[in-house]
Amino acid sequence: AQTVTQSQPEMSVQEAETVTLSCTYDTSENNYYLFWYKQPPSRQMILVIRQEAYKQQNATENRFSVNFQKAAKSFSLKISDSQLGDTAMYFCAFLSAGGGTASKLTFGTGTRLQVTL
Amino acid sequence: GAGVSQSPSNKVTEKGKDVELRCDPISGHTALYWYRQRLGQGLEFLIYFQGNSAPDKSGLPSDRFSAERTGESVSTLTIQRTQQEDSAVYLCASSFGGAPRTQYFGPGTRLTVL
């Protein structure tokens, strides 16, 4: 079974600064996908970024980028030029590429990010 | 286009009553998932539907929990004889096929069992 660990329950960053959220995972699989989801107070889970394990290049979406270290099983999220609207819970999630009954996402416990003025 | 919708948004019930939660997936998405999120925690997988295949029920916590899906459309999650520990947000997600497709989530139903 896979596990996902987010060791930072809470973080704070000033507006316009950069912050990095950590995520590690454990799996015996070679093909899989990793995600960061954002959950603002509205409860809506919003996809931030996705990384395919077979790709060496780190995924980037505007101000959001990841540092994917497959050997270390590490998948951190960097938010540049933080904005007040980035305030939310951030969840790291693992998805097996096997399909079928392996299609469920395995989530970490989340990091609460507060962006301040 | 429209996203995943869930109803009701909030549900308060008394211990021992049955509740039904509804999920409308994104049109054309063949896969549908239910997750549970307890206060301050991450999401726990409950059940997964993919097309006409038998659902993956491996995450259902007890036989009081059940779910149905009509074809590739609406799904209902039913909790019988609710207990206080069932209080949580129940989130539904859909995807165009199973893994490795990205799952898109609805806004959830907050269930409170008194």
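All of these numbers come straight from a predicted model, not from anything done at the bench.

S.K.: I'd like to hear about the interface of chain A and chain B, residue by residue, with values.
M.R.: With 22 residues of chain A in contact, the opposing surface of chain B contributes 26 residues. Of the roughly 1,900 Å² buried between chain A and chain B, counting both surfaces, carbon and sulfur atoms make up 54%. At the junction of chain A and chain B, the tally comes to zero salt bridges. At the surface where chain A touches chain B, the tally comes to eight residue pairs in polar contact (both at pLDDT 80 or more).

S.K.: Tell me about the nonpolar core, and name the residues and values.
M.R.: Residues and elements named next belong to chain A. In this structure, Y25, W36, F75, L77 and Y90 are the most contacted members of the largest nonpolar core, which totals 25 residues. Of all the elements in the fold, those that place two or more residues in this core are β3 (19-21), β5 (32-39), β6 (46-52), β8 (64-69), β9 (74-79), β10 (88-96) and β12 (111-116). Residues in contact with Y25, not counting those within four places in the same chain, are T3, V4, Y32, L34, F68, Q69, K70, K73, S74, F75 and F94.

S.K.: How would you summarise the packing of aromatic side chains if you had to cite specific residues and measurements?
M.R.: Enumeration over the complete set of coordinates arrives at 15 aromatic pairs over all chains. Seen in terms of ring centroids, F68 of chain A and F75 of chain A are 6.3 Å apart; in terms of plane orientation they differ by 80 degrees. Their pairing is edge-to-face. Note on accessibility: F68 of chain A and F75 of chain A belong to one class, buried. One aromatic cluster is present, formed by F35, Y37, F91 and F107 of chain A together with Y33, Y35, F45, Y48 and F105 of chain B through successive ring pairs.

S.K.: So what's going on with the environment of T13 of chain B? Which residues, and what values?
M.R.: All names here are of chain B. Along the chain, T13 falls in strand β2 (residues 10-13). T13 gets classed as buried once you look at its relative accessible area, which sits at 8%. With 70 residues separating them along the chain, T13 and Q83 place their C-alpha atoms 9.7 Å apart. In contact with T13, not counting residues within four places along its chain, are V19, T82, L111, T112, V113 and L114.

S.K.: Residue-level account of the pattern of salt bridges, with values.
M.R.: It is possible for side chains of opposite charge to pair when their charged atoms get near one another. Scanning the entire structure with this criterion turns up eight salt bridges over all chains. Note that K73 of chain A is salt-bridged to D26 of chain A, the shortest N-O span being 3.7 Å. Placement of the pair is K73 of chain A in the loop between β8 and β9 and D26 of chain A in strand β4 (residues 24-26), with a sequence separation of 47 residues. With its nearest N and O atoms 3.7 Å apart, the salt bridge here joins E14 of chain B to K17 of chain B. Residues participating in the shared-partner salt-bridge network are R50, E52 and K55 of chain A.

S.K.: Give a detailed account of the sheet that holds strand β1 (residues 5-7) of chain B, specifying residues and quantitative values.
M.R.: Residues and elements named next belong to chain B. The sheet built from four strands is open, its strands ordered β1-β3-β7-β6 with antiparallel pairing. Each edge of the open sheet is held by one strand with a lone partner, namely β1 and β6 (65-69). Strand-to-strand twist of the sheet, defined as the mean angle between neighbouring strand axes without regard to direction, takes the value 15 degrees.

S.K.: If you had to explain unusual backbone geometry to someone new, which residues and values would you point to?
M.R.: Residue P8 of chain B is bonded to the preceding S7 of chain B through a cis peptide linkage, with omega at -10 degrees. Positionally, P8 of chain B belongs in the loop between β1 and β2. Although it is not a glycine, R43 of chain A sits at a positive phi angle of roughly 80 degrees. You can see R43 of chain A is positioned in the loop between β5 and β6. On the basis of relative accessible area, R43 of chain A is assigned to the buried category, the value being 11%. Positive phi values are uncommon outside glycine, yet D81 of chain A reaches one of about 50 degrees. Examined against the element boundaries, D81 of chain A turns out to sit in the loop between β9 and β10.

S.K.: Quick one: what's the story with the state of the cysteines, residue by residue and with numbers?
M.R.: Following the criterion strictly, the structure yields two disulfides over all chains and no others. Between the sulfur of C23 of chain A and that of C92 of chain A lies a disulfide, 2.0 Å long from S to S. Across the S-S bond linking C23 of chain A and C92 of chain A, the dihedral sits near -70 degrees, which makes this disulfide left-handed. Residue C23 of chain A is located in the loop between β3 and β4, and its partner C92 of chain A is located in strand β10; the two are separated by 69 residues in the primary sequence. Residue classification places C23 of chain A among the buried residues on the basis of a relative accessible area of 2%. Here C23 of chain B is linked by a disulfide to C92 of chain B, with a sulfur-sulfur distance of 1.8 Å. Linking C23 of chain B and C92 of chain B, the disulfide has an S-S dihedral of approximately -65 degrees and is accordingly described as left-handed. Of this pair, C23 of chain B sits in strand β3 (residues 19-24) while C92 of chain B sits in strand β8 (residues 88-95), placing them 69 residues apart in sequence.

About the cut-offs
- Residues numbered from 1 in each chain as written.
- Chains lettered and ligands numbered in written order.
- Predicted model: local features only at pLDDT ≥ 70, side-chain atom pairs only at ≥ 80, totals over all residues.
- Heavy atoms only, no water.
- Contact = heavy atoms within 4.5 Å.
- Buried area = accessible area lost by both parts, 1.4 Å probe.
- Salt bridge = Lys/Arg side-chain N within 4 Å of Asp/Glu carboxyl O.
- Polar contact = N/O pair within 3.5 Å; in protein donor to acceptor, adjacent residues only side chain to side chain.
- Core = buried A, V, L, I, M, F, W, Y, C linked by side-chain atoms within 4.5 Å.
- Buried < 20%, exposed > 50% of the residue type's maximum accessible area, 1.4 Å probe, protein only.
- Helix = DSSP H or I, 4+ residues; strand = E, 2+ residues; numbered from the N terminus.
- Phe/Tyr/Trp six-rings, centres within 6.5 Å; stacked < 30°, edge-to-face > 60°.
- Pairing = 2+ DSSP bridges.
- Axes fitted to C-alpha atoms, helices over the stretch in contact; angles between N-to-C directions.
- Disulfide = S-S within 2.5 Å.

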